[in-house]
Amino acid sequence: MAVVSLLKNDSTVSHTQGRLVPRKVRFDWSKTPLEWIPGQPFASHFINEINMILPAGEFWFCRLYNKVLPYVTDDKLRDDVQLFIRQEAMHARAHGSAIAEYLKAHGIETERNTKIMDWLFESLLADQPLGMKLPKFLEKEWLVFRLGIIAAVEHMTCVLGNYALDNRNWDKVGADATLLDLLRWHGAEEVEHRSVAFDLYTHLGGGYLSRYYLSCITVPLVIGLWVDGAAHLMNQDPRYAGENFKAWKPAIWLRWAKESKGGHLPHPLALATWQLPFFSPWYDPVKEGSTEKALAYLNTSPAAAAAASSGQSALTLVK
Ligand SMILES: [Fe+2]
Ligand SMILES: [Fe+2]
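Residues numbered from 1 in each chain as written. Chains lettered and ligands numbered in written order. Predicted model: local features only at pLDDT ≥ 70, side-chain atom pairs only at ≥ 80, totals over all residues. Heavy atoms only, no water.

A.B. asks: How should I be thinking about a nonpolar patch on the surface in this particular structure?
C.D. replies: A cluster of nonpolar side chains, contributed by Trp119, Leu130 and Met132, occupies part of the molecular surface with about 340 Å² of accessible area. Inspection of the secondary structure puts Met132 in the loop between α4 (111–124) and α5 (136–166). (Patch = residues over 30% accessible without salt bridge, like charges linked within 9 Å, V, L, I, M, F, W, Y side chains within 5 Å. Areas by Shrake-Rupley, 256 points an atom, 1.4 Å probe, with all protein chains shown as cover. Salt bridge = Lys/Arg side-chain N within 4 Å of Asp/Glu carboxyl O. Helix = DSSP H or I, 4+ residues; strand = E, 2+ residues; numbered from the N terminus.)

Right, dumping it as structure tokens:
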């Protein structure tokens, strides 16, 4: 069993406590119902959409971080980044398995949503955006710009991780244990590695002003893509026949706000408000979550426990 210390080494730019642990998890989707939160089809579809959003984005994080590793001059941060890559690759594979073995098995059409994400990350945000070769002097700028996008997204995934770890309403109504474990294992690792993207962005020269406007672009884009993809899932459910949800129409946003009162989804305004700390000049990702809470879940997660028993190390914090 690996043991890490909470003590931060002041000689490093890293703010990650101890060493991150990649956990090689597997999920058995054979018994997970489409309405995995009983009585909550809207919330079930809405959260299922993250399975489509995440894999292309997280594999893009991995490619970009591998590309910037040679620029990292801090040994602890380089180690954080390498372990972050392994965690994110596992997240992408786990959500990919949910698409292939769960959503498709229930007859859900997923290609429309995954194609949008593939275009975004493999074309628009590629090293050569939309196939354009950038002049040499812009290559580093383009890298740092995209690192800022990742830092903004990682703030969102951290606060959503907190939400998944804290939300007991799902347990009260008997939500599917496998999907809950997927959300909480992923959410806990997002909390665990919450400082890495911001440390890397600032280490490579990312500044406050660019962080500000990048967040103004990234947050509405992520929420808009989420709602757009969720609408496509809702429109396949006969219970929403006649609604024809579209992201640019108010109906799905109003419905989201209404459904969130049941406690199975964050309210859209709450989600927007949770992004505000990232806009502060004094933003500190360490303060956005609790590593102890994340590790407490990871040490009891069925998937992480199975990974640990098959040779992956569990983690204990000592102070
Ligand atoms: Fe992730
Ligand atoms: Fe992450």
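A.B. asks: What is the right way to read the environment of Lys31 from this model?
C.D. replies: Assignment of secondary structure puts Lys31 in the loop between β1 (2–5) and α1 (41–48). Looking at Lys31, the relative accessible area reads 71%, which means it is exposed. In this structure, the C-alpha to C-alpha distance between Lys31 and Ala247, residues 216 residues apart in sequence, is 31 Å. (Buried < 20%, exposed > 50% of the residue type's maximum accessible area, 1.4 Å probe, protein only.)

A.B. asks: Got a minute to help me understand the coordination of the iron ion (ligand 2) in this structure?
C.D. replies: Metal coordination angles in their ideal form are 109.5 degrees for the four-donor tetrahedron and 90 or 180 degrees for the six-donor octahedron. Around the iron ion (ligand 2), the protein supplies Glu88 (OE), Glu154 (OE), Glu154 (OE), Glu190 (OE), Glu190 (OE) and His193 (NE2) as donor atoms, at distances of 1.9 to 2.7 Å. Geometry at the iron ion (ligand 2) is irregular, judged from the six donor atoms that bind it and their angles of 53 to 143° at the metal. Sequence positions of the residues that donate to the iron ion (ligand 2) give the spacing E-x65-E-x35-E-x2-H. (Donors = N, O, S within 2.8 Å, 3.2 Å for Na, K, Ca; no water. Tetrahedral: all angles 85-135°; square planar, octahedral: opposite > 155°, others 65-115°.)

A.B. asks: Explain the coordination of the iron ion (ligand 1) here, please?
C.D. replies: The iron ion (ligand 1) binds to the protein through Glu58 (OE), Glu88 (OE), His91 (ND1), His186 (NE2) and Glu190 (OE); the donor distances cover 2.0 to 2.2 Å. In the primary structure, the donors to the iron ion (ligand 1) are separated according to the pattern E-x29-E-x2-H-x94-H-x3-E. A separation of 3.7 Å is found between the iron ion (ligand 1) and the iron ion (ligand 2), which are bridged by Glu88. Remark: His186 occurs in helix α7 (residues 177–192) and Glu58 occurs in helix α2 (residues 50–68); sequence separation between them is 128 residues. The buried category is assigned to His186, whose relative accessible area is 6%.

A.B. asks: What is the right way to read the nonpolar core from this model?
C.D. replies: One broad rule of soluble globular proteins: the nonpolar side chains tend to lie buried together. By size, the foremost hydrophobic cluster in this structure holds 95 residues, and its most contacted members are Trp36, Phe46, Tyr65, Trp170 and Leu200. Of all the elements, α5 adds the most residues to this core, at 14 residues. (Core = buried A, V, L, I, M, F, W, Y, C linked by side-chain atoms within 4.5 Å.)

A.B. asks: How should I be thinking about the side chain of Asp228 in this particular structure?
C.D. replies: Looking at where Asp228 falls in the secondary structure, it is placed in helix α9 (residues 208–234). Apart from the residues lying within four places of it in its own chain, the contact partners of Asp228 are Arg112, Ile116 and Ala247. (Contact = heavy atoms within 4.5 Å.)

A.B. asks: Sorry, what's going on with the state of the cysteines here?
C.D. replies: By definition, a disulfide is the covalent link that joins the sulfur atoms of two cysteine residues. Scanning the model with the defined rule gives zero disulfides in all. Counting only cysteine sulfurs, Cys158 is the nearest neighbor of Cys62, a cysteine outside any disulfide, at a range of 18 Å. For Cys62, a relative accessible area of 8% corresponds to the buried category. Of the cysteine sulfurs around Cys216, a residue in no disulfide, the closest is that of Cys158, at 19 Å. (Disulfide = S-S within 2.5 Å.)

A.B. asks: Sorry if this is basic, but what is going on with the confidence of the model for the protein chain here?
C.D. replies: As a note on interpretation, predicted positions should not be read in detail where pLDDT is low. Confidence in the prediction of the protein chain, expressed as mean pLDDT, is 92, and 94% of residues score 70 or more. Note on residues 1–9: pLDDT is under 50 here. Beyond four places in sequence and across chains, it has 24 contacts. Taken together, the stretch residues 313–319 has pLDDT below 50 and engages in 30 contacts with residues farther than four places along the chain or on a different chain. (pLDDT = per-residue confidence, 0-100.)

A.B. asks: Hey, could you run me through α2 in this one?
C.D. replies: Side chains that are three or four residues apart share a direction in an α-helix, a result of its 3.6 residues per turn. In a regular helix each residue adds 1.5 Å, so 19 residues correspond to 27 Å; α2 covers 27 Å between its end C-alpha atoms and thus fits that length. Counting buried positions along α2 gives 15 out of 19 residues, so the element sits mostly inside the fold. (Expected span 1.5 Å × (residues − 1).)

A.B. asks: How should the pattern of salt bridges be read in this particular structure?
C.D. replies: Overall, the coordinates contain 18 salt bridges when judged by the stated rule. The partner of Asp80 in a salt bridge is Lys76, with the nearest N and O atoms 2.6 Å apart. Remark: Lys76 and Asp80 occur in helix α3 (residues 75–103); sequence separation between them is four residues, near one turn of the helix. Residue classification places Asp80 among the buried positions, given a relative accessible area of 0%. When its relative accessible area of 23% is taken as the criterion, Lys76 is described as partly exposed.

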